[in-house]
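# A structural walkthrough
Here is what each chain is made of, one letter per residue.
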Amino acid sequence: MCKGDNGRWQPNYSNVIGSFAGAGMQALYLPANDRRGSGFVVSSALIRLGETSLTGVLQEFVFSKLTPNRPRRSTWQP
């Protein structure tokens, strides 16, 4: 989820589409006998989406606890 141009929360379409595009490109670099069909592309994309989700959780909750004296960015805008 991310905030859109209208300021509302919405799905992060660019992340999802980019993950599937990257998985498709990854499949193109494999030899033809190693490609396992569309399931390979879907599983690779879902793994990448899981990685980015885990990274977001770590940045939000874990790393902020490990570095308590780090200055925080202000999200307030006039």
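Keep in mind the model is a prediction, meaning the values are calculated, not measured.

## Thoughts on the pattern of salt bridges
Here the idea is simple: oppositely charged side chains can pair when their charged atoms come close. Throughout the structure, instances matching the rule amount to 1 salt bridge. With its nearest N and O atoms 3.3 Å apart, the salt bridge here joins Glu 51 to Arg 48. Taken together, the residues span about one helical turn, with Glu 51 and Arg 48 both in helix α2 (residues 38-66) at a distance of 3 residues. Relative accessible area serves as the criterion here: at 40%, Glu 51 is assigned to the partly exposed category.

## Describing helix α1 (residues 13-29)
With 17 residues, α1 should cover 24 Å at 1.5 Å per step; its first-to-last C-alpha distance of 25 Å lies within 8% of that length. Here α1 has its buried residues at Ser 19, Ala 23 and Ala 27. Along the axis of α1, the buried positions cluster into a sector of 70°, meaning they face one direction only. α1 presents Tyr 13, Ser 14, Ile 17, Met 25, Leu 28 and Tyr 29 as exposed residues on the side facing more than 90 degrees away from its buried surface.

Analysis parameters
Residues numbered from 1 in each chain as written. Predicted model: local features only at pLDDT ≥ 70, side-chain atom pairs only at ≥ 80, totals over all residues. Heavy atoms only, no water. Salt bridge = Lys/Arg side-chain N within 4 Å of Asp/Glu carboxyl O. Helix = DSSP H or I, 4+ residues; strand = E, 2+ residues; numbered from the N terminus. Buried < 20%, exposed > 50% of the residue type's maximum accessible area, 1.4 Å probe, protein only. Expected span 1.5 Å × (residues − 1). Arc of directions from axis to C-beta.

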